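So you can see what is in the structure, the chains are spelled out below.
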Amino acid sequence: MQYTTEPQIEEFEFRGSAREWFGVWIVNLFLTIITAGIYSAWAKVRTKKYFYQNTYVAGRNFDYHATGLQILIGRIIMIVAFIAFSIVSAIPLVGLVALLALLFIVPFLLIRSFRFNAQMSSWSNVRFRFEGGYVPAFLAFILYPILTALTLYLTFPFLDRAVKRFTLNGHSLGGHSFSFDAPIAPFYKAFFAAAAWVVGMLMIIGSVVFSMIGSIDPVTLAEDPTASVVLIGGIYAMIFIAFFPALTVYRAFVRNVTLNHLALEGGHEFVSNVQPMTVVWIAISNALITVLSLGLLLPWAQVRLYRYLAEHTTLVPNGPLDQFVGQIETRAGAMGDAYTDLEGIDLGLPV
Amino acid sequence: MEGGDQPVKIPGRIFPARSSRAIPASLVVSPERSVVLADDSTLFPLGDGVQPKFDMPVGRASRRLTLPDGSLFETEDHAAVDALDRGSMGLRLHRAERFRARLVLIVVLCFVGAWAVWRFALPAMVTVAVWLTPAPLEQAIDAGSMQSLDLTFAEPTTLSGEKQDTIQVIFDDLLSELPQDQRDNWDYTLLFRDIPGIGPNAMALPGGTIVITDALVKGFDDEDVIGSVLAHEIGHVVGRHGLQQLYQSLGIYILVALIAGDTGPILEEVLLEGGIVLSLSHSREHEREADDFGIRLAEEAGYDPAGLLRFFAALPDSGETDTDWLSTHPASGERIEAIQNYIDGR
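Each value, and the rule that gives it
- The residue count restarts for each chain, going from 1 along the sequence in the order it is written.
- For naming, the first written chain is A and the first written ligand is 1, with later ones following in the order written.
- Local features in this predicted model are restricted to residues of pLDDT 70 or higher, and side-chain atom pairs are both shown and tallied only at a pLDDT of 80 or more, whereas totals for entire chains, interfaces and linings draw on every residue.
- Side-chain numbers come from the whole structure's heavy atoms, not from hydrogens or water.
- An axis is simply a line fitted to the C-alpha atoms; with a helix, the fit covers only the stretch in contact. Between two such axes, the angle follows the N-to-C directions and lies from 0 to 180 degrees.
- For the purposes of this entry, the term helix denotes a DSSP run of H or I that reaches at least four residues, the term strand denotes a run of E that reaches at least two, and both are numbered from the N terminus.
- Reported orientations rely on four angle classes, namely roughly parallel under 35 degrees, roughly antiparallel over 145, roughly perpendicular from 65 to 115, and oblique for the rest.
- Contacts between residues were defined by any pair of non-hydrogen atoms, one from each residue, lying within 4.5 Å.
- Put simply, Ala, Val, Leu, Ile, Met, Phe, Trp, Tyr, Cys and Pro go in the nonpolar bin, Asp, Glu, Lys and Arg in the charged bin, and everything else, Gly too, in the polar bin.
- A pair of strands is considered paired only if DSSP assigns at least 2 bridges between the two.
- Patch criteria: residues need more than 30% relative accessible area and no salt bridge. Like-charged residues are merged within 9 Å; nonpolar side chains of Val, Leu, Ile, Met, Phe, Trp and Tyr are merged within 5 Å.
- Every accessible area reported is derived by Shrake-Rupley at a probe size of 1.4 Å, with residue values counting cover from the shown protein chains alone.
- Any carboxyl oxygen of Asp or Glu that lies within 4 Å of a side-chain nitrogen of Lys or Arg is treated as forming a salt bridge with it.
- Residue exposure (1.4 Å probe, protein chains only): buried if accessible area is under 20% of the type maximum, exposed if over 50%, otherwise partly exposed.
- The term buried area means the drop in 1.4 Å probe accessible area that two parts suffer when joined, counted for both and summed.
- Here a polar contact is taken to be a pair of N or O atoms separated by no more than 3.5 Å, where protein atoms must pair a possible hydrogen donor with a possible acceptor and residues adjacent in sequence count only if both atoms sit in side chains.
- Here, nonpolar core means buried Ala, Val, Leu, Ile, Met, Phe, Trp, Tyr and Cys residues that are tied together by side-chain atoms lying within 4.5 Å of each other.
- Only rings of Phe, Tyr and Trp enter the pairing, Trp through its six-membered ring, and a pair is recorded when the two centres are within 6.5 Å. The plane angle decides the type: under 30 degrees is stacked, over 60 is edge-to-face, the rest tilted.
- Criterion for a charge above a ring: Arg CZ or Lys NZ at most 6 Å from the ring centre, at most 35 degrees from the ring normal.
- Cavity: a set of points on a 1 Å grid over the protein atoms alone where a 1.4 Å probe fits but cannot get out. Pocket: an open set with protein on both sides within 12 Å along at least five of seven lines, its lining residues, like those of a cavity, having an atom within 4 Å of a point.
- Grid points are joined across faces, edges and corners, and a volume is the space filled by probe spheres set on the points.

### Looking at the packing of helix H9 (residues 276–292) of chain A against helix H10 (residues 298–311) of chain A
All names here are of chain A. As a packed pair, H9 and H10 sit with axes 9 Å apart at the nearest point and diverge in direction by 170°. Relative to H10, the element H9 is oriented roughly antiparallel. Where H9 abuts H10, its residues Thr 278, Val 279, Trp 281, Ile 282, Ser 285, Asn 286, Ile 289 and Thr 290 lie against Leu 298, Trp 300, Ala 301, Arg 304, Leu 305 and Tyr 308. Residue composition of the contact of H9 with H10, by class: 9 nonpolar, 4 polar and 1 charged.

### Some words on the sheet that holds strand S8 (residues 189–194) of chain B
Residues and elements named next belong to chain B. Overall, mixed pairing links the 4 strands, which are arranged S7-S8-S10-S9 in an open sheet. Only two strands of the sheet have a single partner each, and these edge strands are strand S7 (155–156) and strand S9 (202–204). Examined bridge by bridge, S8 and strand S10 (residues 209–213) share 5 bridges and lie parallel to one another. When the sheet's bridge partners are listed, Leu 191 is paired in S10 with Val 211. Contacts from helix H5 (residues 161–176) reach S8 and S10 within the one sheet, and its direction differs from that of S8 by about 145°.

### A few points about a nonpolar patch on the surface
Residues and elements named next belong to chain A. A cluster of nonpolar side chains, Leu 99, Leu 100, Leu 102, Leu 103, Phe 104, Ile 105, Phe 108, Tyr 134 and Val 135, forms an exposed patch at the surface whose accessible area comes to about 800 Å². Within the residue set of the nonpolar patch, elements represented by two or more residues are helix H4 (92–119) and helix H5 (134–150). With respect to the element layout, Leu 102 can be found in helix H4. For Leu 102, a relative accessible area of 32% translates into the label partly exposed.

### Some words on the interface of chain A and chain B
In this assembly, 67 residues from chain A lie in contact with 59 residues from chain B. Between chain A and chain B, roughly 5,200 Å² of surface is buried when both sides are summed, and carbon and sulfur atoms account for 68% of that area. Ranking the residues of chain A by area buried against chain B places Arg46(A), Asn125(A) and Phe244(A) at the top, with a combined share of 13%. Linking chain A to chain B there are 2 salt bridges. Measuring nitrogen to oxygen at the nearest pair gives 3.1 Å for the salt bridge that ties Asp63(A) to Arg64(B). Summed over the shared surface of chain A and chain B, the number is 16 residue pairs in polar contact (both at pLDDT 80 or more). Those elements giving two or more residues to the side of chain A that touches chain B turn out to be helix H1 (18–34), helix H2 (40–53), strand S3 (60–64), helix H3 (68–88), helix H8 (225–260), H9 and H10 of chain A. Looking at side-chain class alone, the side of chain A that touches chain B contains 40 nonpolar, 18 polar and 9 charged residues.

### Observations concerning the nonpolar core
Core analysis: the biggest nonpolar cluster contains 81 residues, and Ile26(A), Tyr64(A), Trp123(A), Leu173(A) and Phe270(A) have the highest contact counts within it. Among the elements that make up this core, the one with the highest residue count is H1(A) (10 residues). Sequence-distant contacts of Leu173(A), that is, excluding residues within four places in its chain, are made with Trp123(A), Val126(A), Arg127(A), Phe128(A), Phe178(A), Leu264(A) and Phe324(A). Of all hydrophobic cores here, the second largest spans 39 residues; its members include Leu190(B), Leu230(B), Leu297(B) and Ile343(B).

### What about the packing of aromatic side chains?
Residue and element names in this part refer to chain A. This model, assessed by the stated rule, comprises 30 aromatic pairs over all chains. Centre to centre, the rings of Tyr 134 and Phe 138 are 6.2 Å apart; their planes meet at 25°, and the pair counts as stacked. Pair noted here: Tyr 134 and Phe 138 are both in helix H5, with a separation of 4 residues, about one helical turn. A relative accessible area of 35% means that Tyr 134 is categorised as partly exposed. A relative accessible area of 18% places Phe 138 in the buried class. One Lys or Arg, Arg 15, reaches over the ring of Tyr 56 and ends 3.5 Å from the middle of that ring.

### As for empty space enclosed by the protein
Residues and elements named next belong to chain B. What the rule picks out here adds up to 3 cavities of 30 Å³ or more. There is about 40 Å³ of room inside the second largest cavity. Every residue along the wall of the second largest cavity is listed here: Arg 288, Asp 291, Asp 292, Ile 295, Arg 335, Ala 338 and Ile 339. Taken together, the residues of the lining of the second largest cavity sort by class into 3 nonpolar, no polar and 4 charged.

And the structure:
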């Protein structure tokens, strides 16, 4: 109590447990299987509710409000649209037009999806909101990715920052906007850290492969079957050890950058201090444990990662957190939501 | 509750409509009228005769009741809420989810269900997806695969133009024996590549591109061997085996995403990309189908299907290596026997 002038900080906290989540998860799984997948929409809601309601900051929790029926309808629309699109694209010229049209529809669907997810999420009884223009969405999700590909992904940090600017700046809570902007240097730091992981691992794998092949007589090397086994093994090792964890390294660094440069109108700030190597360790060991337990320890693995992320996230409020006032809700369709499901994009909580 | 007429008091807190402000409060439930009484003396009525209906419980997360005006009452008093909620669907589901011995039964049923999905639902999905795939997409897959192959393992062929022409003639002979519809459905292209490390080998891509390695052409100066191997590969194209493998791995990913949910970083990538990498190996069933198709086609085009057997015989035993023709095209004794039977029986 000596430092009364020091700003108060509020830690994010996850109050769920792996045991409890296992029960919810396995029953979700069972009902999904026996209903031929239909229940998965309700399972998704239950999953989100479990994690949101158990996530606390400043003594108040989050909640997720979509209903299973909304999610189901969204998914059915997306499946029908996908089949229709596949059929249409079989017609030579029309297919090309359809593909081009899709490029212009995707930003619209993404905006809808962000809006739906935001409106269905709340903290402390106040709903989130998302508003974003079509043109910025088109730039961030269609044009910039094309340009980035042209630079052989060397400018990927710029793309990533543009996407984060668009999505985060579009969000608000109870009339208070989120704002995010960051210099490019820390994004490149993350990029180079991931590149360093790839190079380091490739060197280790390369030297192992070389030392194994080196023992084979070079004259018979081309015909020696062991050489090709080692070579193919090396390629798998490259993919699983060098490339996949590098993505996690990048994301962990960027998570810190993103949250540390995020603010909520009124002077509220966030801090994230995850250790990228710890996140990689958790991710790798989680993957192994999940596979070795035939999936049964997946709930434990999920809680382990989620808790780690929550514990390394902090809100630095500027004064009381009672002034957020929700707006009268407008209707949000579930169509966009299903789209993010299929694309694997889920903004979720900042944890 | 025995004293059914006694009002019940549940402690908690209330968030007034659309506000983030939390005020300590109690919910007072009685048959005639239920209200939330906030500590600052504000009253939040539920309406006359309206019984409170809490959200479905999930784990030990706090229990939530939304009032008619949009205010939210929240409590940790699970026992009291459960008593109000007796017999509801939500409570039954919640009870089923408890971490108890009987969950073992659910786990077993899940494994059985997952097996059934794998055995029946997945093949059905793959069949529908293959049927829906338009030809331009198949050709795009071919172009993409050849690009990455040329970028990674494949070197330009060292075969003379003359030699290539000889093989092309065999290929055209085979194509001319295909039924009209099978000939028109795909854009058959024969490509020559020098791919060190995979030995004498050939592969078929979904859109009709067939790649033959220099090692195969150089190692077997035998029209019947080349003819029957190419016929086998044409069998993969006609049977759409490449697409089936691709969709199989995509299907596994979608099912896992749908059923198990978010698998977390790394494992997610392994499931998606790793599945596609693994899908490049062929299944035994597809090999048998392609054999069946190939030996008939080779024979019709005037090549001796026994060439395929000579090819098998000339290869080193499998088991030593994971990359030769025999492992990507598993040659069980059964398979050789089937070919032999066909040759003997004609």
